[in-house]
Amino acid sequence: MFETLQQQPADKILELVAMYREDPRADKVDLGVGVYKDATGLTPVMRAVKAAEHTLWETQDSKVYTGLAGDPAFADAMIDLVLSGAVPRANVAAAATPGGTGAVRQSFELIQMANAGARVFVSNPTWPNHISMLNYLGIEMVPYRYFDEETRGVDFDGMLADLKTARKGDVVLLHGCCHNPTGANLNSAEWDAVIGVLLETGATPMIDIAYQGFGDGLDADAAATRKLVAAVPECIIAASCSKNFGIYRERTGLLMVVNNAGDATALNQSTLAYLNRQNFSFPPDHGARLVTMILTDPALRADWQSELEDVRQSMLGLRTALADELQRLSNSDRFGFLAQHRGMFSRLGTTPEMVEKLRKDHGIYMVGDSRMNIAGLNAQTVPILAKAIIDAGI
Ligand code: PMP
């Protein structure tokens, strides 16, 4: 029967990783895959994670199943981290999932279960996995304008006009902070306007928050999400712990469903547990347990926050350094957007041909849509990248 299978499109980013690995040039620069790297190119285990793992190894006396929604203490800790009391805890149903991807996937299934005809509005562009999962599940997708190729900021008028065409029963997928792949984000007044349109249309918001702490800080990055959940009757939030705890391979995420209008939390909670049961039964526990230990132990939490803040500052420093160097070389402000963008990514805003030229001529690897992982840079490679961008005529 398997002869009926067709080749699926290869993952562009993983292809890039393989090409980079085979490139013999010593001064090659990897701005591809979306993981944080320190100045030496490593993705370290965070200190608090190591410490929690040590304690867990010493104290954990059973690995028996948790609940279908994971350990409730993990949900409590993460709801507090993301929402910080923006809505009463009783309004939030939550289930642990395998990573943020699992939370997004379970969200889509929940949407389909609640309304088989729901359309999901996604930013153009968005994280490619949003699109492939929606296609896989056969959910209709409506792109809304987002990135302004000219300013490299948000085409906010276009975005708002497109969101106004959503209806009750549709879902609007928003990135809570640090938009992937562009790095361009809404300001606070723009979030207010989006909330206004959601209330007007009755569409349900879904927030994907995968980089809390990577942009303007833990609270600042969640501010829009908190404001939104408090203002709308219902909302879905998919949170990832992969980046801000550096536990990519532990597959740790939380799906939250907020209901402010009535008393739907128990029903939502049992639906999330049911959906987990259908797909994988019990969610992974190791990463979730580490996150819980870190968030609930004041010393571990303080150490985690301080290391996360160092990570954030290092990315901001690289942004500024790159924008400054480009300003010096180009004698213009046209790359100033790099310092305005937030999170791990910036979209340079150039053609696939130029991206290819940067790779071939300069050994600089970025995704074909010109998304750069800013954390892939260091003090030595910032000038190399800036010079290559100018030499290529971008
Ligand atoms: N959402 C977005 C926008 C992301 O960029 C990512 C990570 N690339 C995720 C969700 C999920 O990450 P993970 O499954 O590794 O937690």
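Quick notes on the rules
Residues numbered from 1 in each chain as written. Predicted model: local features only at pLDDT ≥ 70, side-chain atom pairs only at ≥ 80, totals over all residues. Heavy atoms only, no water. Axes fitted to C-alpha atoms, helices over the stretch in contact; angles between N-to-C directions. Helix = DSSP H or I, 4+ residues; strand = E, 2+ residues; numbered from the N terminus. Parallel < 35°, antiparallel > 145°, perpendicular 65-115°, else oblique. Contact = heavy atoms within 4.5 Å. Nonpolar A, V, L, I, M, F, W, Y, C, P; charged D, E, K, R; others polar. Expected span 1.5 Å × (residues − 1). Buried < 20%, exposed > 50% of the residue type's maximum accessible area, 1.4 Å probe, protein only. Core = buried A, V, L, I, M, F, W, Y, C linked by side-chain atoms within 4.5 Å. Domains from an automatic or database assignment. Buried area = accessible area lost by both parts, 1.4 Å probe. Salt bridge = Lys/Arg side-chain N within 4 Å of Asp/Glu carboxyl O. Polar contact = N/O pair within 3.5 Å; in protein donor to acceptor, adjacent residues only side chain to side chain. Near = heavy atom within 4 Å. Areas by Shrake-Rupley, 256 points an atom, 1.4 Å probe, with all protein chains shown as cover.

Regarding the packing of helix α2 (residues 47-59) against helix α10 (residues 286-296)
Then, in step 1: Axis separation between α2 and α10 bottoms out at 9 Å; the angle between their running directions is 105°. In terms of orientation, α2 lies roughly perpendicular with respect to α10. Judged by residue contacts, Ala48, Val49, Ala52, Glu53, Thr55 and Leu56 of α2 engage His286, Arg289, Leu290, Met293 and Ile294 from α10.
Then, in step 2: By residue class, the composition of the contact of α2 with α10 is seven nonpolar, two polar and two charged.

Thoughts on helix α3 (residues 72-83)
Then, in step 1: The end-to-end C-alpha distance of α3, which contains twelve residues, comes to 16 Å, matching closely the 16 Å that a straight helix rising 1.5 Å per residue would cover.
Then, in step 2: Among the residues making up α3, those that are buried are Phe74, Ala75, Ala77, Met78, Ile79, Leu81, Val82 and Leu83.
Then, in step 3: Positive phi appears at Ser84, one or two residues downstream of α3, with a value of about 40°.

Observations regarding the nonpolar core
Then, in step 1: Among the nonpolar cores identified, the biggest contains 75 residues, and Met78, Leu83, Met159, Ile237, Met256 and Trp304 are the most heavily contacted of them.
Then, in step 2: For this core, the leading source of residues is α3, giving eight residues.
Then, in step 3: Built from parts of two domains, this core gets at least three residues from each of domain 1 (11-45 + 305-389) and domain 2 (65-296).
Then, in step 4: With residues near it in sequence (within four places) discarded, Trp304 still touches Met46, Ala48, Leu81, Leu218, Asn244, Phe245, Ile294 and Leu295.

A closer look at the domain arrangement of the chain
Then, in step 1: If you check the domain split of the chain, you get domain 1 (11-45 + 305-389) and domain 2 (65-296).
Then, in step 2: With centres defined by C-alpha atoms, the gap from domain 1 to domain 2 works out at 27 Å.
Then, in step 3: Contacts between the two partners involve 22 residues from domain 1, matched on the other side by 23 residues from domain 2.
Then, in step 4: Buried surface at the junction of domain 1 and domain 2, summed over both partners, amounts to about 1900 Å²; 58% is from carbon and sulfur atoms.
Then, in step 5: Joining domain 1 to domain 2, the criterion identifies two salt bridges.
Then, in step 6: The partner of Arg347 in a salt bridge is Glu149, with the nearest N and O atoms 3.3 Å apart.
Then, in step 7: If you look at where domain 1 meets domain 2, you find eleven residue pairs in polar contact (both at pLDDT 80 or more).

Let's talk about the environment of Asn259
Then, in step 1: Note on placement: Asn259 falls in strand β8 (residues 253-259).
Then, in step 2: Taking relative accessible area as the criterion, Asn259 reaches 8% and is therefore assigned buried.
Then, in step 3: Measuring from C-alpha to C-alpha, the distance between Asn259 and Lys387 comes to 51 Å, with 128 residues separating the pair along the chain.
Then, in step 4: A distance of 3.4 Å separates the side chain of Asn259 from the backbone nitrogen of Ala261, its partner in a polar contact.

Looking at the site of the ligand
Then, in step 1: Close to the ligand lie Gly99, Gly100, Thr101, Trp127, Asn180, Asp208, Ala210, Tyr211, Ser240, Ser242, Lys243 and Arg251, which account for all nearby residues.
Then, in step 2: Between the ligand and the protein, one listed contact pairs an oxygen atom with a side-chain N or O atom of Thr101 at 2.4 Å.
Then, in step 3: Between the ligand and Ser242, the relevant distance is 2.6 Å, taken from an oxygen atom to a side-chain nitrogen or oxygen of the residue.
Then, in step 4: Relative to its unbound accessible area of 400 Å², the ligand is 90% covered by the protein chains.
Then, in step 5: The element contributing the most residues to the shell around the ligand is helix α4 (residues 99-114), with three residues.

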